[in-house]
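Remarks on the overall topology
Chain by chain, the residues:
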Amino acid sequence: MKKVELLLPAGNIEKLEYAINYGADAVYLGVVDFSLRAMRKGELITFENLKQAIDLAHKFGKKAYMTLNIFAFNKDIKHLEECIEIIKDASPDAILVSDFGIMNLLKKYMPETPLHISTQTNILNYECVKFWQDMGATRVVLARELSIPEIAEIKNKVPEMEVECFIHGAQCVSYSGRCLLSDYFTHGERISNQGNCCQPCRWSYKLVEETRPNEYYEINEDAHGTHILSPNDLCLVHHLKEMIDAGVDSFKVEGRTKSLYYVSAVAKTYRQAIDEIYENPDADMEKYFLELKKVGNRGYTTGFALGDGDGGYSYNLSKGLAGADFLFEFHGKEKINAQELYFVKIKNKILPNDEVEIITPAEQFITKILGIYDENGLELEVGNTNAEVYIKLEKEPQDYKYAMARTVGIKEYV
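Residues numbered from 1 in each chain as written. Predicted model: local features only at pLDDT ≥ 70, side-chain atom pairs only at ≥ 80, totals over all residues. Heavy atoms only, no water.

1. Thoughts on the overall build of the protein
Threshold: Secondary structure follows DSSP: runs of H or I at least 4 residues long count as helices, runs of E at least 2 residues long count as strands, and numbering of each begins at the N terminus. Partly exposed residues are those whose accessible area sits between 20% and 50% of the maximum for their type, while under 20% is buried and over 50% is exposed, using a 1.4 Å probe and protein chains only. Note on contacts: a residue pair qualifies if any of its non-hydrogen atoms lie within 4.5 Å across the two residues. Using a 1.4 Å probe, accessible areas were evaluated by the Shrake-Rupley method; residue-level cover was limited to the displayed protein chains.
When helices and strands are tallied, the protein shows ten helices and 18 strands. Buried positions account for 52% of the 414 residues belonging to the protein. Within the protein, contacts between residues separated by at least 24 positions form 67% of all contacts whose residues are at least 6 apart in sequence. Here the protein displays about 19100 Å² of accessible surface, and carbon together with sulfur accounts for 48% of that area.

Put into C-alpha cells, the structure is as follows:
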C-alpha cells in the first residue's frame with residue numbers, strides 16, 4: 001500500500017533542508033514573484049537559486065513542488081515567459097497553479113511536468129476534479145471546506161486523480177483563501193492573491209454607529225479587543241487515519257512564513273504520527289496533539305473536516321502563541337579551554353542551570369544547561385536573545401546537526 005505523503009512548506013532554503021530532515025516526504029516552495037507568500041527572512045528562493053533549492057531536495061531523495069499559484073495579470077504572464085527556461089532547468093517535480101493563463105503556458109512550454117491545482121480554485125466536488133483531470137492536472141488540492149466523507153466520495157469517483165488536503169496550520173477567513181480585505185485596506189498595495197496579504201483578519205475591530213463618529217464600541221467584552229475574523233488554526237492530527245482511509249494522497253502543512261522551529265517541530269510530529277498509524281491503526285494521537293501545542297498557534301480547530309463546521313475563531317489572539325519557547329539553534333561544536341562546547345544562536349534568553357528540551361530528527365529529551373560561555377571561554381551569567389554563545393549540556397545529542405532547543409512543558413494559554 002502506498003504511504004500518504006507528508007508535504008511541508010519551504011519558505012527558504014534553510015527551512016527546506018530542516019523540513020526534509022525532520023520527516024517531510026516533499027516540500028512546496030515559491031519564488032518571490034509568483035508565490036502566494038511574500039518571504040522576508042533567510043536565504044529566499046529566487047529564480048537565481050531555484051535550481052539549487054530543488055537539487056537540495058533531490059539530494060535527500062525527496063520531492064520539491066514549485067508554486068506558481070498567483071492570479072496573474074498581463075505583466076505576470078510576460079514575466080513568466082521570460083523565466084520559463086529557468087524553471088525548466090530547475091526541474092521541479094510538479095508545479096502548483098490556480099490561473100488558467102499560467103496553466104496554459106506551462107502546458108505549452110513544460111508539457112511533461114505534472115500540474116497540481118491550488119486550493120485557490122475552490123475544488124468542492126468530483127465533477128470539478130474531473131474537469132481539472134481533463135485539463136491535464138495530476139493532483140488537486142481540495143478546499144478546506146470539505147468534510148472527510150466528502151473527500152472520500154471525490155476520491156471514489158475520480159480514483160486516478162491524486163488528492164492533497166491541508167491537515168495543519170493557519171486558515172484564511174475567506175472561502176478557500178480568496179480574500180479581498182487586504183487589497184481594500186491597503187488601497188491595492190498589498191494584494192492577497194499576489195503573495196503580500198497584510199492579514200486584516202488578524203486585526204482587532206471595534207463597532208462604530210454611523211451617527212456617532214469617533215465613538216468606538218467593543219463588540220464583546222474582552223481585554224484584547226475583538227478579532228471577529230480570525231480563525232483558529234487547523235489541526236487534524238486526531239483524524240489522520242480517517243483521512244488515509246478516505247484516500248488522501250498528500251497531507252499538506254501550511255506555513256511558508258513560519259519559523260524554522262515551527263517547520264521542524266511540526267514535521268517531526270506528523271512524521272511520527274503517520275508512521276505509528278501505519279504500524280498501529282488504532283494508535284492514540286493525543287500525545288502528538290500535545291506536541292503540536294508546543295508550536296505557535298491561535299488555538300486549534302478541526303474546521304470542516306468532521307462535517308460540523310467547527311470553524312472556530314480566535315477572539316483573543318491575533319498572533320499565534322507557542323506552548324514552548326524556541327530557545328536556540330545548534331551551529332557547531334568547538335574545544336575551548338579544554339572543554340567541548342556547542343556554538344548556538346539564541347532565540348530567547350537562557351540562563352545557566354535552565355532545563356531545556358532538545359529536539360533533533362532522531363531524538364527528543366530534557367537536559368540542563370551547565371554553562372554559557374563567550375568565544376574566549378569566559379563564563380556568562382545569561383545568554384541574551386539574538387546572541388551567539390557557547391554552551392555546555394548535561395546530556396548531549398547524538399548528532400547536533402539540525403538540533404534545536406525549547407522550553408520544557410506546555411504553557412497554559414494554549
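2. Side note on helix H3 (residues 74–90)
Put simply, the test is: Each residue after the first adds 1.5 Å to the expected span of a helix. Bend, in this description, refers to the angle at a residue between axes fitted to the seven residues ending there and the seven starting there.
Look at H3: 24 Å from first C-alpha to last across 17 residues, which is about the 24 Å you get at 1.5 Å a residue. The sharpest bend along H3 comes to roughly 50°, located at Cys83. Within the span of H3, buried status applies to Asp76, Leu80, Cys83, Ile84, Ile87 and Ala90. Those residues of H3 that are buried are in contact with helix H2 (50–59), strand S3 (63–68), strand S4 (94–97) and helix H4 (100–109). Immediately downstream of H3, the backbone of Ser91 shows phi near 55°, a positive value.

3. A word on helix H9 (residues 260–279)
The end-to-end C-alpha distance of H9 is 29 Å, a good match for the 28 Å that 20 residues give at a rise of 1.5 Å each. With 16 of its 20 residues buried, H9 lies for the most part within the structure.

4. A few points about the packing of H3 against H4
Basically, it comes down to this: All axes are obtained by fitting lines to C-alpha atoms, using only the stretch in contact for helices, and the reported angles, taken between N-to-C directions, cover 0 to 180 degrees. Here the word oblique covers every angle except those under 35 degrees (roughly parallel), over 145 (roughly antiparallel) and from 65 to 115 (roughly perpendicular). By definition, turning the near helix anticlockwise from the far helix through less than a right angle yields a left-handed crossing, and turning it clockwise yields a right-handed one. Ten residues, namely Ala, Val, Leu, Ile, Met, Phe, Trp, Tyr, Cys and Pro, are considered nonpolar, four, namely Asp, Glu, Lys and Arg, are considered charged, and the remaining ones, Gly among them, are considered polar.
Axis separation between H3 and H4 bottoms out at 11 Å; the angle between their running directions is 40°. In terms of their interaxial angle, H3 and H4 are classed as oblique. With respect to the hand of their crossing, H3 and H4 are arranged in right-handed fashion. Side by side, H3 and H4 meet where Ile77, Leu80, Glu81, Ile84 and Lys88 of the first sit next to Gly101, Ile102, Leu105, Leu106 and Tyr109 of the second. When the residues that make up the contact of H3 with H4 are grouped by side-chain class, the tally is seven nonpolar, one polar and two charged.

5. Focus on the side chain of Thr121
So the rule is basically this: Polar contacts, as counted here, are pairs of nitrogen or oxygen atoms within 3.5 Å of one another; within protein the pair requires one atom able to donate a hydrogen and one able to accept it, and residues that are adjacent in sequence qualify only if both atoms are side-chain atoms.
Among the structural elements, Thr121 can be located in the loop between strand S5 (115–117) and helix H5 (126–134). There is a polar contact of 2.7 Å between the side chain of Thr121 and the backbone oxygen of Ser118. Those residues in contact with Thr121 that lie beyond four places of it in its chain are Ser98 and Trp132.

6. A closer look at the pairing of strand S16 (residues 364–373)
Short version of the rule: Note: two strands are recorded as paired if DSSP finds a minimum of 2 bridges between them.
In this structure, strand S15 (residues 355–359) lies alongside S16, joined through five bridges in antiparallel fashion. Each residue of the ladder has a partner; that of Glu357, found in S16, is Ile366. Adjacent in sequence and paired antiparallel, S15 and S16 are bridged by four residues. Strand direction decides the pairing type here: S16 and strand S17 (residues 388–393), joined by four bridges, are antiparallel. Within S17, the residue paired with Tyr373 across the bridge is Tyr390.

7. Description of the nonpolar core
Going by this rule: Nonpolar core, defined: a set of buried Ala, Val, Leu, Ile, Met, Phe, Trp, Tyr and Cys residues in which side-chain atoms within 4.5 Å join the residues together.
Counting 94 residues, the largest nonpolar core has Leu29, Leu50, Leu142 and Val237 as the members making the most contacts within it. Ranked by residue count, the leading element in this core is H9, at eleven residues. Here Val237 is in contact with Tyr270, Ala273, Met285, Tyr288, Phe289 and Leu292, once residues within four sequence places are set aside. In terms of nonpolar packing, the next biggest core, distinct from the first, is built from 17 residues, Ile346, Ile372, Val389 and Ile391 among them.

Purely geometric stuff here, so don't read any function into it on its own.
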